[in-house]
There are 4 protein chains.
Amino acid sequence: MIIVMKPEADKETVDRLLEKIESKGLKPLHMPGAERVVLGALGDERVLAELQLEAEPSVESVKPILAPYKLAARDLHPHDSVIEIGNAAIGGGRFALIAGPCAVENEEQVMASAKAAKEAGARVLRGGAYKPRTSPYSFQGHGPEGLELLRKAGDAHDLPIVTELVDTRDLDLLVEKSDAIQIGTRNMQNFELLKAVGGTDKPVMLKRGMAAKIDDLLMAAEYILAHGNEQVILCERGIRTFETATRNTLDLAAVPLLKEKTHLPVIVDPSHGTGKRELVTPMALAAAAAGADGVMVEVHYNPPSALSDGPQSLYPEQMVALGDQLDRLLGALGRA
Amino acid sequence: MIIVMKPEADKETVDRLLEKIESKGLKPLHMPGAERVVLGALGDERVLAELQLEAEPSVESVKPILAPYKLAARDLHPHDSVIEIGNAAIGGGRFALIAGPCAVENEEQVMASAKAAKEAGARVLRGGAYKPRTSPYSFQGHGPEGLELLRKAGDAHDLPIVTELVDTRDLDLLVEKSDAIQIGTRNMQNFELLKAVGGTDKPVMLKRGMAAKIDDLLMAAEYILAHGNEQVILCERGIRTFETATRNTLDLAAVPLLKEKTHLPVIVDPSHGTGKRELVTPMALAAAAAGADGVMVEVHYNPPSALSDGPQSLYPEQMVALGDQLDRLLGALGRA
Amino acid sequence: MIIVMKPEADKETVDRLLEKIESKGLKPLHMPGAERVVLGALGDERVLAELQLEAEPSVESVKPILAPYKLAARDLHPHDSVIEIGNAAIGGGRFALIAGPCAVENEEQVMASAKAAKEAGARVLRGGAYKPRTSPYSFQGHGPEGLELLRKAGDAHDLPIVTELVDTRDLDLLVEKSDAIQIGTRNMQNFELLKAVGGTDKPVMLKRGMAAKIDDLLMAAEYILAHGNEQVILCERGIRTFETATRNTLDLAAVPLLKEKTHLPVIVDPSHGTGKRELVTPMALAAAAAGADGVMVEVHYNPPSALSDGPQSLYPEQMVALGDQLDRLLGALGRA
Amino acid sequence: MIIVMKPEADKETVDRLLEKIESKGLKPLHMPGAERVVLGALGDERVLAELQLEAEPSVESVKPILAPYKLAARDLHPHDSVIEIGNAAIGGGRFALIAGPCAVENEEQVMASAKAAKEAGARVLRGGAYKPRTSPYSFQGHGPEGLELLRKAGDAHDLPIVTELVDTRDLDLLVEKSDAIQIGTRNMQNFELLKAVGGTDKPVMLKRGMAAKIDDLLMAAEYILAHGNEQVILCERGIRTFETATRNTLDLAAVPLLKEKTHLPVIVDPSHGTGKRELVTPMALAAAAAGADGVMVEVHYNPPSALSDGPQSLYPEQMVALGDQLDRLLGALGRA
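What counts and what doesn't
- Residues numbered from 1 in each chain as written.
- Chains lettered and ligands numbered in written order.
- Predicted model: local features only at pLDDT ≥ 70, side-chain atom pairs only at ≥ 80, totals over all residues.
- Heavy atoms only, no water.
- Helix = DSSP H or I, 4+ residues; strand = E, 2+ residues; numbered from the N terminus.
- Buried < 20%, exposed > 50% of the residue type's maximum accessible area, 1.4 Å probe, protein only.
- Contact = heavy atoms within 4.5 Å.
- Areas by Shrake-Rupley, 256 points an atom, 1.4 Å probe, with all protein chains shown as cover.
- Lys, Arg positive; Asp, Glu negative; His and termini not counted.
- Charge placed at Lys NZ, Arg CZ, Asp CG, Glu CD.
- Axes fitted to C-alpha atoms, helices over the stretch in contact; angles between N-to-C directions.
- Parallel < 35°, antiparallel > 145°, perpendicular 65-115°, else oblique.
- Left-handed = near helix turned anticlockwise from the far one by under 90°.
- Nonpolar A, V, L, I, M, F, W, Y, C, P; charged D, E, K, R; others polar.
- Buried area = accessible area lost by both parts, 1.4 Å probe.
- Salt bridge = Lys/Arg side-chain N within 4 Å of Asp/Glu carboxyl O.
- Polar contact = N/O pair within 3.5 Å; in protein donor to acceptor, adjacent residues only side chain to side chain.
- Pairing = 2+ DSSP bridges.
- 1 Å grid on protein atoms, 1.4 Å probe; cavity = no way out; pocket = protein on both sides within 12 Å on 5 of 7 lines; lining within 4 Å.
- Points joined across faces, edges and corners; volume = space filled by probe spheres on them.
- UniProt positions renumbered as here; feature names shortened; annotations may be inferred.
- Least-squares fit on C-alpha atoms with pLDDT ≥ 70 in both.
- pLDDT = per-residue confidence, 0-100.

Asker: Sorry, what's going on with the overall build of chain A here?
Answerer: Helix and strand content of chain A: 11 helices and 14 strands. Projected onto the principal axes, the alpha-carbon positions of chain A cover approximately 75 × 45 × 35 Å. Per-residue burial over chain A gives 68% buried out of 336 residues. Put simply, 68% of the contacts in chain A that link residues at least 6 apart link residues at least 24 apart. For chain A, the exposed area adds up to about 10700 Å²; of that, 50% sits on carbon and sulfur atoms. On chain A, the mean spot of the 37 positive side-chain charges and the mean spot of the 48 negative ones are 2 Å from each other.

Here you go:
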């Protein structure tokens, strides 16, 4: 950790800070320059982070050297983690298609959507029983009954299921009924929820928050890992920017960057990432080309009748065509 | 609601959509132009929003005319709402100073901080017992014991208290012990939490999410109002932008804009909004000049020793000076 | 165009605005709703845009129906435009690799970089003689001598050249010496420069501004087209967002979206779009998968010695490997 | 400057970089830690910036210690600069109101607007003769004739004038006719324009770019200062963010932050910063409360007839009322 002092910092303050650094078991460094005094601290600077040296009036800025996450970092875990959702392995070079409807609406709909997912080559079925909606007047999901229907559709097509948890009170039910638990964008920094899933043995699909930097996403993963659950899959799903022509700005460069920084699998959600059906297929292909470990795509048997996210849901035949194009592209790049 | 069709939309589709609009009890309009067919729907278009007409392949875009919130809108509630936190009234022309430490650390600290708040003219004491922290390795708050200490400090200085709720499981305790409940930035779209506080009779201080548009904030307030609780105070606390010189970008124009759109009180948090002690005082003054109903400011008896947010906490004497400057500025503008 | 009136708008104002609409040769529509009066204007609403109806105190908002650009729109030009830079055709299904150094530094460097570009299958050589640099203390380019060297390198390897114009005073020289003119990110809304290149017969590579929405980019292209030059190539190169782990956020969804809205070719610059060498190859592949008409990539014979953009420049052998991977990917997707 | 090496960096590379640092006349430091080797360079690291050490494959990141600007920094110029536009002094504690129409349209309009500005207490008259407009179909300004009219209006009301330069070809005319030259948002990084005004002896009002960080703005100022012109006034006018309820997001915290970092005067443009007439007055007051050296406000004798920026232009009586409120607020805060 590097501590840059303000020009007016006096010797007493500098000495006091050097002692503070030493008292934490780190090696202090004193680097007086022409315009600024700079201090250094060698060792596990994460203990020092808690000192909040920026709170000192004579400190100009503090620059960490090490990443704030440990368990999620590739440094000490050079090999790719492979996470198993039911019979589907995610990560480690394989590419996984995850598909299904945004929300579970009724049996006919979820069955038809699961069928389309299966035909397109999907390995996991997604679907929401608890829906976080911007408006209190929008459909909020069918809850336990929705979960039951999703389970039924998954079993009927031999697909493990992943579904979203929105409150700690529903944790036990989701652990019982689902094969993986999704933490949605709006809850990426709902730390109580992260701690809760960190205490289970279910795989967690953690979606990037709309305002989350790469490091924020990795710190959210670190919460789950630090609470004992090593099965975390990261999901890039677009961030909020000034561009309004798409629902979000899908940050595909996050894929190779995350794969450099972490051993966890990284998948992409081009449906929420764009919000427009016409853009889902090109962005799913782009995600595969960028090195993603999979994509999660919304499919609906009749999008204009969907209770949620119809505009971004693929028609079943588009889903099948996408599966085919993904196969060809991955083959050309030497991946399975 | 205005529906713009794609150039290739055929007559059958147009007729079908007009029928759909009529079937919802709205008056349909057909406006054929030279380059696009445009449809209109007159009436309470909120029912139409649920139809998700954008999901139709031949629809280019849908433009709502009315705001998506009703209870929060000033349209039908022209007078300012005044919300009472204990003996402090917020809104309706009065200006309220809310102050206190970021986190409750120990009795000495919270007592000294409450004393500084009181001396500066604060009407409400703030302090966190449950802390949402970016890192799992950071201090997470003292929970129930912290709440007890905050209550004690408030009582000792005759200040009502506001504190943050981070999980539905803690709701009952907060309802019992606090005078107002804060919903933090990271939970602004934690809809289960919003529903839960919507079911209580405690005032709610709702902080704007880091990636929340003005309308998202108002929709989050609408959740609470729609679940029966009319006591909502909005808090602008900065949004996330490309600028890194400040912790967040404090969007002060949101203050007069919100006051135009809603009857709810609007306060500003310049501490989180800037992240830098030197900027807190000028931004608190600017908030008052922009018409805010109050400011919420972090104060600590010894910021460099703070377990959380030390860099943005005022020293007690700065807090008192701010109170004095606020008085003069508000007096000059004819406010109390 | 749809004009939403404020609730308090009176009949006189509404009548006056309807007359204003009619006076411009558009058909006025009056749609009184329960909560708001809404007005419509059918016809070429671009003439109405100039009326600035939002400036009327009783107008709440104005919603355009048509895109503000005409010449750039695909509506009236359904076929892809193909733009020729020397012997290289860009657009219309072909995929073009454009490569070269960020800045022309000296003869050895530009020759070696051109050789690497050629070997990787590049069809156009890029290189900067006039460099817009954030710091006045940074290398500003060699100007006319740099242009001469780039021309020489292009001729030696039978590659047409594209180079950036930063001031109208240099226009004649660039028209004489280069095969295509680049308008950089920082000048995307330097309208005098756009008008100037609009008056030439040189192809223009127009890079998206850091803060430009898709429609801003298309309006900048419209400037060039409206001044008589139909040869415009659009280039996505990343936008500025809150994410700091990459130099910019490469908005790849802009590629299929632009191809839907405009007939102009769309290429991607993954070098500036990411700022990191390790991310250039995956993002170039992703751009191709997303449907781009080409990529523009920085290559340098010795990146650590580069005077500009070394961190994002590929080594020559990486460039050749990228060319090979692009071939395989495009083949798999049925493109040349 | 601090250089963080990748974990795999070998001793040879480290030694080579230490030599590189020494060869530039800086003192090299070697700080081997448990997880990373960190190098330091003490001295004027700006010379090192040019080495682009990030381009080295084994360098993970480079962290500068000093600001990249020198002439604009307060470090070596502790006293506020005061810039004179005609008979109006900007900076150094005084507060200046700059007002006028967005564009010069005709004699009647500019005269009436100048009268309103004068009555409100404005010290400088603003008005555009050359207009950078998003659309090629919008009014582009009257050029030299507009400048003549602005000069006439300024002289008639004894107000110095400031007007925007959009192309180097118009520089001589503006130097002859205006008292200060404005560089607009879209040209903040038009470095040729910055160099050109840097070669004159006219005060320059430099507006922050829509995507410019505080440091980018200061580097743009540095261009002008480094080319010999010390008369630079900075203008905060809003940045582009995800919020669409306002035209831009006015970043008022930039005011006290800039005043800490630089000796140059800082003014605020609440008209472009919000884009809405109702928000201009509260934001102008907030700017004054935040410590700005002035505000620049658009006023028009009949906003609904304005050819540009009507929605954000004040009516003359609003302008006068704002002048009065500013006086009271500044008086209460002890400023003139």
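Past the structure itself, the notes keep going.
Asker: How should I be thinking about the packing of helix α11 (residues 316–332) of chain B against helix α11 (residues 316–332) of chain D in this particular structure?
Answerer: The interhelical angle for the contact between α11(B) and α11(D), taken along N-to-C directions, is 155°, at an axis separation of 8 Å. One element, α11(B), and the other, α11(D), form an angle in the roughly antiparallel class. Regarding α11(B) and α11(D), the two cross each other, and that crossing is right-handed. In this structure, α11(B) contributes B:R328, B:L329 and B:A332 to the contact, and α11(D) contributes D:R328, D:L329 and D:A332. Taken together, the residues of the contact of α11(B) with α11(D) break down into 4 nonpolar, no polar and 2 charged.

Asker: Looking at this structure, I do not really get the interface of chain B and chain A. What am I missing?
Answerer: The figure often quoted for interface size is the accessible area lost as the parts come together. With 54 residues of chain B at the contact, the number on the chain A side is 54 residues. Taking both partners together, chain B and chain A bury about 4300 Å²; carbon and sulfur atoms supply 49% of that area. For B:D216, the salt bridge is made with A:R240, and the minimal N-O distance between the two is 2.7 Å. For the pair chain B and chain A, the number of links is 28 residue pairs in polar contact (both at pLDDT 80 or more). Listing elements by their share of the side of chain B that touches chain A, those giving two or more residues are α6 (191–198), α7 (214–226) and α10 (277–289) of chain B. For the side of chain B that touches chain A, the element with the highest residue contribution is α7(B), accounting for 5 residues. Classifying every residue of the side of chain B that touches chain A by side-chain character gives 23 nonpolar, 12 polar and 19 charged.

Asker: Teacher, can you tell me more about the sheet that holds strand β1 (residues 2–5) of chain C here?
Answerer: Strand pairing in a sheet is mediated by backbone hydrogen bonds. Such pairs are either parallel or antiparallel. Residues and elements named next belong to chain C. Pairing is antiparallel in the open sheet, where 4 strands are placed in the order β2-β3-β1-β4. What marks the edges here is a single partner per strand, and that holds for β2 (27–32) and β4 (59–63). Each strand of the sheet is rotated relative to its neighbour by a mean of 20°, with strand direction disregarded. Set on the sheet, helix α1 (residues 11–23) makes contact with β1, β2, β3 (37–42) and β4; between it and β2 the angle comes to about 155°.

Asker: Sorry, what's going on with empty space enclosed by the protein here?
Answerer: By rolling a water-sized probe across the atoms, one finds the places where empty space is left. As enumerated under the stated definition, the model contains 7 cavities of 30 Å³ or more in all. Counted as a void, the largest cavity has a volume near 90 Å³. Lining the largest cavity are A:R240, A:T241, A:F242, B:R240, B:T241, B:F242, C:R240, C:T241, C:F242, D:R240, D:T241 and D:F242.

Asker: For this particular structure, what's the right way to read the UniProt feature "domain: DAHP synthetase I/KDSA" (unreviewed entry) in chain A?
Answerer: UniProt tags residues 88–324 of chain A as "domain: DAHP synthetase I/KDSA" (unreviewed entry). Across residues 88–324 of chain A one finds 38% helix and 15% strand; the C-alpha atoms that close the span lie 19 Å apart.

Asker: Even after reading the chapter, I still don't get α6(B), so can you show me in this structure?
Answerer: Quick reminder: α-helices carry 3.6 residues per turn. Residues three or four places apart thus point the same way. Residues and elements named next belong to chain B. Of all 8 residues that make up α6, 7 are buried, and the element is covered over most of its length. What α6 keeps buried is the set F191, E192, L193, L194, A196, V197 and G198. In this fold, the buried residues of α6 make contact with α5 (171–177), β10 (180–183), β11 (204–207) and α7.

Asker: Where do I start with the pattern of salt bridges in this structure?
Answerer: Any two side chains of opposite charge can pair, so long as their charged atoms come close to each other. Going through the model one piece at a time under the given rule, you end up with 96 salt bridges over all chains. Between A:D75 and D:R36 there is a salt bridge, with the nearest N and O atoms lying 2.8 Å from each other. With A:D75 in the loop between β4 (59–63) and β5 (83–85) and D:R36 in the loop between β2 (27–32) and β3 (37–42), the pair connects residues from two separate chains. By relative accessible area, D:R36 is classed as buried at 11%.

Asker: Even after reading the chapter, I still don't get the packing of helix α8 (residues 254–261) of chain B against helix α10 (residues 277–289) of chain D, so can you show me in this structure?
Answerer: Helix-helix packing: each pair is described by the crossing angle between the helix axes and the interaxial distance. Contact pair α8(B) / α10(D): the axes reach a minimum separation of 9 Å and the direction vectors enclose 135°. Judged by the inter-axis angle, α8(B) sits oblique to α10(D). In terms of crossing hand, the pair formed by α8(B) and α10(D) is right-handed. Residue-level inspection shows B:P256, B:L257 and B:E260 of α8(B) in contact with α10(D), the latter providing D:E278, D:L279, D:P282 and D:M283. In the contact of α8(B) with α10(D), the residues fall into 5 nonpolar, no polar and 2 charged.

Asker: Honestly, the relation of the copies chain B and chain C in this entry has me stumped. Any pointers?
Answerer: For the pair of chain copies, the relating operation is a rotation around an axis with a shift along it. Each copy superposes on the other: chain B lies on chain C with an RMSD of 0.0 Å after a rotation of 180° and an axial shift of 0.0 Å. Classification of the inter-copy transformation places it as that of a two-fold axis. The rotation axis passes nearest to the C-alpha of B:F242 in chain B, at a distance of 2.0 Å. When the interface residues of chain B are mapped onto chain C, 100% of them are again interface residues, pointing to one common binding face.

Asker: Just checking my understanding: could you explain the side chain of D:E243 for this structure?
Answerer: Within the secondary structure, D:E243 is located in the loop between β12 (232–236) and α8 (254–261). Taking relative accessible area as the criterion, D:E243 reaches 5% and is therefore assigned buried. Ignoring any residue separated from it by four or fewer positions in sequence, one finds D:E243 in contact with B:R208, B:A212, B:K213, B:I214, B:D251 and D:T249.

Asker: Can you help me understand the pairing of β2(C) in this one?
Answerer: Both faces of the sheet carry side chains from a regular strand, because those side chains alternate between them. All names here are of chain C. In the sheet, β2 pairs with β3 via 6 bridges, with the strands oriented antiparallel. Bridge pairing in β3 links M31 to V38. Between β2 and β3, which pair antiparallel in sequence order, lie 4 residues.

Asker: Any chance you could explain the relation of the copies chain B and chain A here in plain terms?
Answerer: Superposing chain B onto chain A takes a rotation of 180° combined with a translation of 0.0 Å along the rotation axis, leaving an RMSD of 0.0 Å. Of all interface residues in chain B, 100% are interface residues in chain A too; the two copies therefore contact each other through one and the same surface.

Asker: What am I meant to see in the sheet that holds strand β1 (residues 2–5) of chain D here?
Answerer: All names here are of chain D. Here we have 4 strands laid out as an open sheet, ordered β2-β3-β1-β4, and antiparallel in their pairing. The open sheet has two edge strands with one neighbour each: β2 and β4 (59–63). Each neighbouring strand pair of the sheet contributes to a mean axis angle of 20°, computed without reference to strand direction. Pairing of β1 with β4, which is carried by 4 bridges, proceeds in the antiparallel orientation. In the strand pairing of β4, I3 is matched with V62. Strand contacts of helix α1 (residues 11–23): β1, β2, β3 and β4, with the helix running at about 155° to β2, the strand carrying the most contacts.

Asker: Help me understand the confidence of the model for chain A, please; the structure alone is not making it clear to me.
Answerer: Do not read the fine detail of predicted coordinates wherever pLDDT is low. Averaged over chain A, the pLDDT score is 95; the fraction of residues at 70 or greater is 100%. Confidence estimates for the predicted assembly give a pTM of 0.97 and an ipTM of 0.96.

Asker: Even after reading the chapter, I still don't get the environment of D:R46, so can you show me in this structure?
Answerer: Here D:R46 shows up in helix α2 (residues 46–49). In this structure D:R46 comes out as buried when scored by relative accessible area, which is 16%. Considering only alpha carbons, one finds D:R46 and D:D179, 133 residues apart in sequence, at a separation of 34 Å. Leave out the neighbours within four places in its chain, and D:R46 touches A:E35, D:L66, D:A67, D:P68, D:Y69 and D:K70.

Asker: Just to check I follow, could you spell out the interface of chain B and chain C for this structure?
Answerer: Every contact between the two is made by 21 residues of chain B and, on the other side, 21 residues of chain C. For the pair chain B and chain C, the summed buried surface comes to about 1900 Å²; carbon and sulfur atoms form 68% of the total. Linking chain B with chain C are 2 salt bridges. At the boundary of chain B with chain C, the tally comes to 4 residue pairs in polar contact (both at pLDDT 80 or more). Mapped onto the side of chain B that touches chain C, the elements with two or more residues apiece are β1 (2–5), β2 (27–32), β3 (37–42) and β4 (59–63) of chain B. For the side of chain B that touches chain C, the element with the most residues is β2(B), which contributes 3 residues. For the side of chain B that touches chain C, a count of residues per class yields 12 nonpolar, 2 polar and 7 charged.

Asker: Looking at this structure, how should I read the side chain of A:T241?
Answerer: Tracing the sequence through the fold places A:T241 in the loop between β12 (232–236) and α8 (254–261). By relative accessible area, A:T241 is classed as buried at 8%. At 3.2 Å, the side chain of A:T241 and the backbone nitrogen of A:E243 are in polar contact. A polar atom in the side chain of A:T241 sits 2.6 Å from the side chain of A:T249. Ignoring any residue separated from it by four or fewer positions in sequence, one finds A:T241 in contact with A:T249, C:I239, C:T241 and D:F242.

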